[in-house]
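Chain and residue survey
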Amino acid sequence: MLRACHKVLKPGGRIAFFTYFARCGTGSGGDDDPSAGGSRSGEHQDMLQAAGFSDVVEIDMTEQFLSTAKAWYGWRQRYTAELIQTEGKASFSAKQSNYLDHVRSVEAGVRSRCLFLARRS
Amino acid sequence: MDELLENPSESECPPDWTVDSPAHLIVERNVIGANVGANGYTTLEQADELERLLRLQQDDRLLDIGAGRGWPGLYLAEKSGCEVTLLDTSDADLRRSVRRAEAANLLGRCSSFRGSAGALPFRSRSFDALIHTDVL
């Protein structure tokens with residue numbers, strides 16, 4: 001995907017993307033370990049450079065990610081009845097479960113969100 | 001390069017009450033900071049940071065991959081004056097993004113395409129800047 005991004009950018013063009021990912025080597029290592037198959041530190045920077053990008057910058061946004069995940073969960077809980085009316089109970093529960101999983105995995109130190117910036121040479 | 005999506009009529013693009021209900025609007029405004037059709041993690045403050053870091057200018061062409069309903073690509077175009085191209089795999093979301101572009105008076109500077117990030121349907125060296133938010 002990053003190679004395709006590099007191709008459609010003009011020389012000097014800028015790429016910026018947010019991504020959240022499991023940190024490898026930080027969990028228990030079991031079958032249900034959310035960090036299984038995760039990213040090691042610096043992996044995204046390596047991928048950007050391998051795709052031909054330069055001036056790679058990584059900004060840790062994990063604290064904001066946690067805050068936003070908590071806010072989604074908490075605000076949606078306040079409006080549970082109204083949201084279930086339009087989403088349906090199953091969809092509402094699945095979304096809440098997803099936000100809660102993100103909160104718990106960040107608090108456990110096994111998930112991060114970063115902003116990456118780079119330039120096409 | 002063929003644009004895959006035509007501007008939808010109102011009847012083809014009814015409101016999405018899983019996003020646009022009064023309760024959803026209250027929740028989204030408190031979490032994201034604006035009503036932009038978002039359900040992810042990029043807040044208004046972070047979108048402003050993207051615009052600053054990318055130094056977007058009026059003549060720039062911006063590509064938003066996995067644009068969904070147009071957040072934050074449409075916002076960045078509105079704020080910087082640049083052109084924006086939205087790419088997503090969902091026809092329904094793209095129709096809603098076009099409706100949002102129309103509401104923001106951005107149709108003249110916005111195009112929408114259906115496609116995936118792995119096989120971008122654009123010529124080489126087409127864009128000055130590219131964003132994606134939690135797609136990779």
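Residues numbered from 1 in each chain as written. Chains lettered and ligands numbered in written order. Predicted model: local features only at pLDDT ≥ 70, side-chain atom pairs only at ≥ 80, totals over all residues.

**Considering unusual backbone geometry**
A cis amide bond, omega 5°, links Trp71 of chain B with the succeeding residue Pro72 of chain B. Position of Pro72 of chain B among the secondary structure elements: in the loop between β1 (61-65) and α4 (73-80). At Asp55 of chain A, a residue that is not glycine, the phi angle is positive and equals roughly 50°. Among the structural elements, Asp55 of chain A can be located in strand β2 (residues 53-60). (Helix = DSSP H or I, 4+ residues; strand = E, 2+ residues; numbered from the N terminus.)

**Focus on the interface of chain A and chain B**
Tallying the contact residues gives 29 residues for chain A and 34 residues for chain B. Among the secondary structure elements, those contributing two or more residues to the side of chain A that touches chain B are α1 (2-8), β1 (9-22), α3 (62-78), α4 (80-87) and β3 (111-120) of chain A. At 10 residues, β1 of chain A tops the list of elements feeding residues into the side of chain A that touches chain B. Here the residues of the side of chain A that touches chain B are counted per class, giving 17 nonpolar, 5 polar and 7 charged. Judged from the 6 bridges that link them, β1 of chain A and strand β4 (residues 127-133) of chain B form a sheet pairing that is parallel. Within the sheet, the bridge partner assigned to Ala16 of chain A lies in β4 of chain B and is Ile131 of chain B. (Contact = placed C-beta atoms within 7 Å. Nonpolar A, V, L, I, M, F, W, Y, C, P; charged D, E, K, R; others polar. Pairing = 2+ DSSP bridges.)

**Looking at the sheet that holds β3 of chain A**
Taken together, 7 strands build an open sheet; the order of strands is β2(A)-β3(A)-β1(A)-β4(B)-β1(B)-β2(B)-β3(B) and the sheet is mixed. Each edge of the open sheet carries a strand with a single partner, namely β2 of chain A together with β3 (110-114) of chain B. Here the strands of the sheet are splayed against their neighbours by 15° on average, with no regard to which way each runs. As judged from the 4 bridges shared by β1 of chain B and β4 of chain B, these two strands associate in the parallel manner. Across the sheet, the residue bridging to Leu62 of chain B is Ala129 of chain B, located in β4 of chain B. Where helix α2 (residues 43-50) of chain A meets the sheet, its contacts fall on β1, β2 and β3 of chain A, and the angle it forms with β2 of chain A comes to roughly 160°. (Axes fitted to C-alpha atoms, helices over the stretch in contact; angles between N-to-C directions.)

**Side note on the packing of α4 of chain A against helix α5 (residues 89-107) of chain A**
Residues and elements named next belong to chain A. The contact between α4 and α5 brings their axes to 7 Å, and the two run at 120°. Taken together, α4 and α5 sit at an angle that is classed as oblique. Here Leu83, Ile84 and Glu87 of α4 come into contact with α5, specifically with Lys89, Ser91 and Phe92. Residues of the contact of α4 with α5, tallied by class, amount to 3 nonpolar, 1 polar and 2 charged. (Parallel < 35°, antiparallel > 145°, perpendicular 65-115°, else oblique.)

**Comments concerning the packing of α3 of chain A against α5 of chain A**
All names here are of chain A. Running from N to C, α3 and α5 point in directions that differ by 145°, and their axes come no closer than 9 Å. In this structure, the crossing between α3 and α5 has a hand that is left-handed. Contact residues: α3 offers Thr62, Phe65, Leu66, Ala69, Lys70, Trp72, Tyr73 and Arg76, while α5 offers Gln96, Tyr99, Leu100, His102, Val103 and Val106. Per-class residue counts for the contact of α3 with α5 are 9 nonpolar, 3 polar and 2 charged. (Left-handed = near helix turned anticlockwise from the far one by under 90°.)

**Brief notes about the confidence of the model for chain A**
Residue and element names in this part refer to chain A. The predicted model of chain A averages 88 in pLDDT, with 87% of residues at 70 or higher. The least confident element of chain A, judged by mean pLDDT, is α2 at 91; the most confident is α3 at 97. pLDDT under 50 marks residues 27-36. Its contacts with residues more than four places away, or in other chains, come to 15 contacts. (pLDDT = per-residue confidence, 0-100.)

**Remarks on the confidence of the model for chain B**
Here chain B averages 87 in pLDDT, while 86% of its residues score no lower than 70. Across the predicted assembly, pTM comes out at 0.87 and ipTM at 0.86.

**Topic: helix α5 (residues 91-103) of chain B**
Residue and element names in this part refer to chain B. Along its 13 residues, α5 runs 18 Å from first to last C-alpha, staying within 8% of the 18 Å computed at 1.5 Å per residue. Restricting attention to buried positions, one finds in α5 the residues Asp93, Leu94, Arg95, Arg96, Ser97, Val98, Arg99, Arg100 and Ala101. Those residues of α5 that are buried are in contact with α4, β2 (83-88) and β3. The first or second residue beyond α5 is Asn105, which carries a positive phi of 60°. (Expected span 1.5 Å × (residues − 1). Buried ≥ 20, exposed ≤ 12 C-beta atoms within 10 Å, placed from the backbone.)

**Quick notes on the environment of Ser54 of chain A**
Residue and element names in this part refer to chain A. Mapped onto the secondary structure, Ser54 falls in strand β2. For Ser54, a count of 10 C-beta atoms within 10 Å corresponds to the exposed category. For the pair formed by Ser54 and Leu117, sequence separation is 63 residues and the distance between their alpha carbons is 9.2 Å. Not counting chain neighbours up to four residues away, the residues in contact with Ser54 comprise Ala118, Arg119 and Ser121.

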